[in-house]
Structure formats: C-alpha cells, structure tokens
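What the coordinates show
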Amino acid sequence: MEIAATLERIKGVVGPRGWIADPRGTEPYLVEARGLYRGATRLVVRPASTEEVAAVVRICAEAGLPIVPQGGNTGLVGGGVPPEDGHNIVLALGRMNRIRAIDPVNFTMTVEAGCILAHLHQAAAEIDLLFPLSLGAEGSCQIGGNLSTNAGGVNVLRYGMMRDLVLGLEVVLPGGRVLEGLSSLRKDNTGYDIKSLFLGAEGTLGVITAATVKLFPQIRARATALVALPEVRAAVTLLGELRAGSGDRISSFELISRPALELATRHIPGVSDPLTGAHPWYLLCELSSARAAEPLDEVLEEALGAALTRGTVLDAALVRSERERAALWKLRESIPEAQRHEGASLKHDISLPVAVLADFVARAASWIGANVPDGRLVAYGHVGDGNLHFNISQSAGSDRERFLSRADSVRCAVHELVHEFGGSFSAEHGVGRTKVAELERYTSPVELALMRAVKRAFDPHGIMNPGKVLREQ
Ligand SMILES: Cc1cc2nc3c(=O)[nH]c(=O)nc-3n(C[C@H](O)[C@H](O)[C@H](O)COP(=O)(O)OP(=O)(O)OC[C@H]3O[C@@H](n4cnc5c(N)ncnc54)[C@H](O)[C@@H]3O)c2cc1C
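Computed from a predicted structure; not experimentally measured.

**Some remarks on the sheet that holds strand β9 (residues 178-181)**
Strand order in the open sheet made by the 5 strands is β5-β6-β10-β8-β9, with antiparallel pairing throughout. Bordering the open sheet on either side are β5 (99-103) and β9, each of which pairs with just one other strand. Strand-to-strand, the axes of this sheet are offset by a mean angle of 15 degrees, without reference to chain direction. As judged from the 5 bridges shared by strand β6 (residues 108-112) and strand β10 (residues 207-214), these two strands associate in the antiparallel manner. Note that in β10 the partner of Thr-108 across the bridge is Lys-214. Sheet contacts for helix α4 (residues 117-126): β5 and β6; angle to β6, the most-contacted strand, approximately 145 degrees.

Structure, rendered in structure tokens:
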C-alpha cells in the first residue's frame, strides 16, 4: 500500500487530536535533548489509548512502516528521535497519562506510559507513599521512557533502578497484539520473565503502554551533607563506613569533582558552595528513613566527625533546613546545564565496580592530562552505584571544532579503559544510536547472538525503532 494511504489510515484511527504532520508541530519530536541528533518524519502519532496504539502498530506492521516510540524525549543517546531519512513515524505516548489505579494495601500503582515521572511522585505523596525513582529530567521524562531505558538516578543505592521498581507491564507488540501483563505480584515464578526484556530495550521490542510499579513508605527523616574529600578513594571508604554505621540508610551518594562544582557556582544563578576553601572532590550524601524519630543527623555527624579526625574527610556542611537541602540538590542537578555554558563536552556515562573506582579515575585522569591538552575532567555522578558521568569539557579559550574532532578517539580510549577495569560503557542512559558500535565491541558473541535472536523473535520485520541498540541486519 502506498505510504500516503497508510498514513491516512493511521490518522483515521487516532482522530484529529491524535496526529501532527506540519513541520512546526513535529519539530519538538525530532531533536534529541542535547541537540546531537535531528531527525525527520511525515507523521507524529499521539494515541490516547492502548487500543489506538495496537491499531496503529497493526497498520504499520501490514505496511512495513517503522515506528519510533517516544516518551518525554529526554533520552541522551538518540533512541527516541527518528532517523534523518523521514521514513519512520514517531509514536508519542504523552496523551496516555492516566493513573489507572493506586493500591495502598499492596503498595502499588498502575499508570499509563505517558505519565510524567514527577506526576507519579505527586500521586504517591497524596496517599502518603513514595515512588522513589528520581532524576534530573523528572519534570518531563515519562514512565514509559524510564522503563524503556531502565532509568537509574539518585536513589538507586537504596531502591534500585527501574527494573527493580516494576511488577507488571502492558505492551503492544510489533504485530499489534497486546501483552496484558499488569501483574501486581511480588512473587511469581512461572517461567521466563518476559517483561524484563522490555526494560532497557529502548523501544526496539514493543511499545509499553502501562505499568504496575512498586510504592514505598514516605520518607519522614533525612540528613544531608556536602562533604569535601582529598581523593576518590575517600568516597569509597566513606560509603562502606556510612552504610554500616547508619544501618544502610544511605539513599544518595553523589560524587562531584571540584571543576564540576566550580562550573555550577559560576554559571547557575543562586548556586553557591557552602564550604570554604577549594577541595579536589565533594560528596552530596543523604541518609533517609521512613521513621520520623530516627536520629539521622546525629548518625551522619558522628560518622563525618570520625572521618575528619582520620583525614579521609577534609570538611563538611550539614544541611539544617529544607531550603539548604534544596540548594545542595540544585548544585548537583545543575551541573549538566552549567557544562553547556562553558563550551563543548565529551561525555561518558560509565559504571565500574566501586572497589576499582579510585584506580580507574587516577588512570583515566592521567590519560586525559597527557592526551587531551585542550580539555579538563569534569566528573560527577552516582558514585554509590559505581556510576560516573566521566565528562571532559573544553578548556577556556580552546578551539571548539578541534576539541570535538577528537571525540571518537577519546571515547574509544575511555571505554577501553572502562572495559579493562570490568566496567560498562553505558551505566544508565542506554545504547540508542550513540553506542551501537560499543555494544557490538564489548558484548560477548554469545550474548550478542541472544540479543539478536530476541529481536528477531519479537520483531521479525524490524519495524520497531530500527537501528537503535542493535544494527539493522
Ligand atoms: C537533565 C537530565 C538528567 C538525566 N538524569 C538521568 C539519570 O540520573 N538517570 C538516568 O537513568 N537517566 C537520566 N537522564 C536520561 C533520561 O532522562 C532517561 O533516559 C529517561 O528515562 C528517558 O525518559 P523519556 O520519557 O524522556 O524517554 P525518551 O527520551 O522519549 O525515550 C528514550 C527511549 O525509550 C524509548 N521509549 C520511550 N517511551 C517508550 C514506550 N512507551 N515504549 C517503548 N519505548 C519507549 C524511546 O524509543 C527511546 O529509545 C537524564 C536526562 C536529562 C536530560
């Protein structure tokens, strides 16, 4: 069937409010969050129900028309934007934003894929419960995107990644059938865990339309501090001490290098450093508990005091009010934006076993010093999970194009070193378009063959987000 007729059929399914074709309207769906990719499409489809998604996918399957599922379009690896050739449609889930059910007895919530993450936080808080996934883009990313990228964020140490927070999924498969798997069971050992295949699949195996997620008791006590450190090794030591000393009450453990902190205080209005003096590394560390009476400030103060005496901590500022806490988190969350003000950056979202983090940073920093003279390390990240945003920003006054021309060779060298230390080239952002070659390089032939077999089994005609994660065969 001719493409124009296929598009008309799709428009008929979703009605006049369910599609956008004019260039001004489609523009926001075509550009990736960092502006690294700009795609093209003849149609953005915005279905309002699972039935509409299934009908659209069925039409696409019959016509062999590729689909790019899209949530909040905050992904950082080009997975949610269509390719430049204009041959894919974008299937945007934003209109499917209903909370279908909240069950305070079961501690679960069933939500549609287009719900914005921050709205889930509000809905859980209204019944005095917590949905713990938290990340910088939470005001615009959607739960369908979080599931499809197996998102992490700042509370992984305590609550795990998205994979750990989901019990059931509803998914429209590439042929248009609906997998009705909105289970709310915590125990269910009945064969293969099919739902787990869609978590981190980045839209290559189907369209997630709804999910049942776990809720937790609301946080009632917190202690937060900014801690100055002489070296990365001290962060790892403190992590172990605090986990044991607090009865595993750490919920966030964020490492910030001095250059990253300087960028945030220089470029973001209202962000300041509460400590005096310049220190090589900092930690934003937070303990939390569902028990209001828990003396977390005392626990943190005591642990930091002991570390100060030993010299593993150089200085610390404990937060005394919600305003001070918000200011510290603003400092942490504004680093990516601050980096943009300073020029170009080469970004690496890596993870390593916590035990080798310090050795890795020392080796990688010395490689950068010797090989990237016009760049400086601006590292920060969720160090409690072994996850670093190991970024290199161009030095003041250096030539942007020249700096960026080495992006591939620097990325290759960093990822080689990560591999040598037993780490991952993509801790939480996924593979998308950016890291397809890395997936092929660092995944074992056996695992890669299994991934390709899964893709063929779910999507034999290759219509679901082709070219993302795995190269088209
Ligand atoms: C400022 C900022 C901070 C960030 N911090 C973090 C962080 O701390 N941790 C982290 O993990 N990530 C982080 N990210 C990355 C990003 O926010 C996450 O990957 C997020 O989970 C993506 O959600 P989204 O709705 O924007 O998905 P999109 O960007 O729209 O899509 C991402 C991928 O999922 C697929 N997809 C989207 N919805 C569906 C669906 N319903 N069904 C099937 N496939 C779908 C898309 O095709 C694409 O491949 C950050 C991004 C920004 C901009």
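**Examining the site of the ligand**
The environment of the ligand is made up of 34 residues, and the closest members are Pro-69, Gly-71, Gly-72, Thr-74 and Gly-75. Measuring from a nitrogen atom of the ligand, one finds a backbone N or O atom of Gly-203 at 3.5 Å. Here His-382 contributes a side-chain N or O atom positioned 3.4 Å from an oxygen atom of the ligand. Protein chains shield 91% of the accessible area of the ligand, which is 970 Å² for the free molecule. A total of 4 residues in the shell around the ligand trace back to one element, the largest contributor, which is helix α5 (residues 143-148). Each of domain 1 (2-92) and domain 2 (99-217) gives at least three residues to the shell around the ligand.

**Some details on the layout of surface pockets**
Reported here for the second largest pocket is a volume of approximately 790 Å³. Lining the second largest pocket are 31 residues, with Arg-163, Gly-200, Leu-439, Met-451 and Val-469 positioned closest to its centre. Secondary structure elements with two or more residues in the lining of the second largest pocket: α8 (195-198), α17 (436-442) and α18 (445-458). Broken down by element, the residue count for the lining of the second largest pocket peaks at 5 residues, all from α18. Looking at the lining of the second largest pocket, its residues break down into 15 nonpolar, 10 polar and 6 charged.

Conventions used here
- Residues numbered from 1 in each chain as written.
- Predicted model: local features only at pLDDT ≥ 70, side-chain atom pairs only at ≥ 80, totals over all residues.
- Heavy atoms only, no water.
- Pairing = 2+ DSSP bridges.
- Helix = DSSP H or I, 4+ residues; strand = E, 2+ residues; numbered from the N terminus.
- Axes fitted to C-alpha atoms, helices over the stretch in contact; angles between N-to-C directions.
- Contact = heavy atoms within 4.5 Å.
- Near = heavy atom within 4 Å.
- Polar contact = N/O pair within 3.5 Å; in protein donor to acceptor, adjacent residues only side chain to side chain.
- Areas by Shrake-Rupley, 256 points an atom, 1.4 Å probe, with all protein chains shown as cover.
- Domains from an automatic or database assignment.
- 1 Å grid on protein atoms, 1.4 Å probe; cavity = no way out; pocket = protein on both sides within 12 Å on 5 of 7 lines; lining within 4 Å.
- Points joined across faces, edges and corners; volume = space filled by probe spheres on them.
- Nonpolar A, V, L, I, M, F, W, Y, C, P; charged D, E, K, R; others polar.

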